[in-house]
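Notes for the structure review
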Amino acid sequence: MTCSRALALLLVACSHLPAANAQDGAVDPSFNPVDVGYGNGDAGLYGMDIRSVVLHTDQKILVGGAFGIFDGSGSRNLTRLLQNGRVDPSFSFTPTTSAVNVLLVQPADGKILVGGMFYQDLGAPHNHIMRIHPDGSVDTGFNPGIGPDYDVNCMALQADGKIIIGGAFTNINGTTRSRIARLNANGTLDTSFNP
């Protein structure tokens, strides 16, 4: 079968899918119905910057960025939302000093990798990367030492649990790594990966 014929068959098949499967792009009024504007659902204090949104394994929504207020709560830089868009009061995260740029959920255990501009949360030092439990508490089993010397902007999880990170850093825990590195599952630098 030629490529053009296969494409034509695919287009015909897709044209018969039910219209209910398509998303029309309209705002869902059931998501965060109490948001009345600035100071509530619109972040505040440190800008209105959302940088990462991921769905957790429990279908709750993790939101990271550079904000000081979210939906009227004191959430700062990272919060979790219920399926209706309201802040989840059971998520207890100690705020970071600066922006959260990227979030990644580990599907095997639901733990959350957090990367960004921060150099500590308000409880302990964490340079630009940390891992938290689903309840928001810090996972002390993840220890990158002094970590990256500058921002972490993106992450990818390998099947073996190792973590690829990218960003503006040039050094990780005393070892030169220019903007891309791989960490072991426990947060230590994987020295066998050196691009």
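Rules used in this analysis
- Residues numbered from 1 in each chain as written.
- Predicted model: local features only at pLDDT ≥ 70, side-chain atom pairs only at ≥ 80, totals over all residues.
- Heavy atoms only, no water.
- Core = buried A, V, L, I, M, F, W, Y, C linked by side-chain atoms within 4.5 Å.
- Buried < 20%, exposed > 50% of the residue type's maximum accessible area, 1.4 Å probe, protein only.
- Helix = DSSP H or I, 4+ residues; strand = E, 2+ residues; numbered from the N terminus.
- Contact = heavy atoms within 4.5 Å.
- Pairing = 2+ DSSP bridges.
- Axes fitted to C-alpha atoms, helices over the stretch in contact; angles between N-to-C directions.
- Salt bridge = Lys/Arg side-chain N within 4 Å of Asp/Glu carboxyl O.
- pLDDT = per-residue confidence, 0-100.

**Some details on the nonpolar core**
Nonpolar side chains in soluble globular proteins tend to end up buried together. Formed by 14 residues in total, the largest nonpolar core has its most connected members in Met155, Ile163, Ile165 and Leu183. If you list the elements that add at least two residues to this core, you get strand S4 (100–105), strand S7 (152–157), strand S8 (163–167) and strand S11 (180–183). Discounting residues that sit within four places of it in the chain, Leu183 has contacts with Ile129, Phe142, Lys162, Ile163, Ile165, Thr188, Leu189 and Asp190. Val100, Ile112, Phe118 and Met130 belong to the second largest nonpolar core, which has 13 residues in total.

**Examining the pairing of S8**
Burial within S8 is extensive, with 5 of its 5 residues counted as buried. Here S8 shows no split at all, with Ile163, Ile165 and Gly167 on one side and Ile164 and Gly166 on the other all buried. Pairing between S7 and S8: 5 bridges, direction antiparallel. When the sheet's bridge partners are listed, Cys154 is paired in S8 with Gly166. Linking S7 to S8, which pair antiparallel, is a turn of 5 residues; within it Gly161 sits at a positive phi near 90 degrees. Note: S8 against S11, 4 bridges, orientation antiparallel.

**Some points on the sheet that holds S11**
Read from one edge of the open sheet, 3 strands run S7-S8-S11, paired in antiparallel fashion. Edge positions in the open sheet fall to S7 and S11, since each of these has one partner strand only. Here the strands of the sheet are splayed against their neighbours by 25 degrees on average, with no regard to which way each runs.

**Points about the pattern of salt bridges**
Scanning all chains against the criterion turns up 7 salt bridges. Residue Arg131 pairs with Asp139 through a salt bridge whose shortest N-O separation is 2.7 Å. For Arg131, a relative accessible area of 8% puts it in the buried group. Asp139 gets classed as buried once you look at its relative accessible area, which sits at 5%.

**Some thoughts on the confidence of the model for the protein chain**
For the protein chain, per-residue confidence averages 81 on the pLDDT scale, and residues scoring 70 or more make up 75% of the total. Ranking the helices and strands of the protein chain by mean pLDDT puts S8 first, with 98, and helix H1 (residues 3–15) last, with 45. Confidence drops under pLDDT 50 across residues 6–21; counting only partners more than four residues distant or on other chains, this segment forms 2 contacts.

**A look at the environment of Gln106**
When you line up the elements, Gln106 lands in the loop between S4 and strand S5 (112–116). Gln106 sits 25 residues away from Arg131 along the chain, and the two C-alpha atoms are 9.8 Å apart. Setting aside its immediate chain neighbours within four residues, Gln106 contacts Lys111, Leu113, Arg131 and Leu157.

**Concerning the sheet that holds strand S3 (residues 78–81)**
If you walk across this open sheet you meet the 3 strands as S1-S2-S3, and the pairing is antiparallel. The open sheet is flanked by strand S1 (49–55) and S3, the only strands paired with a single partner. Within this sheet the neighbouring strands show an average axis-to-axis angle of 25 degrees, counted without direction. As judged from the 4 bridges shared by strand S2 (residues 61–66) and S3, these two strands associate in the antiparallel manner. By the bridge assignment for S3, Leu62 is matched with Arg80.

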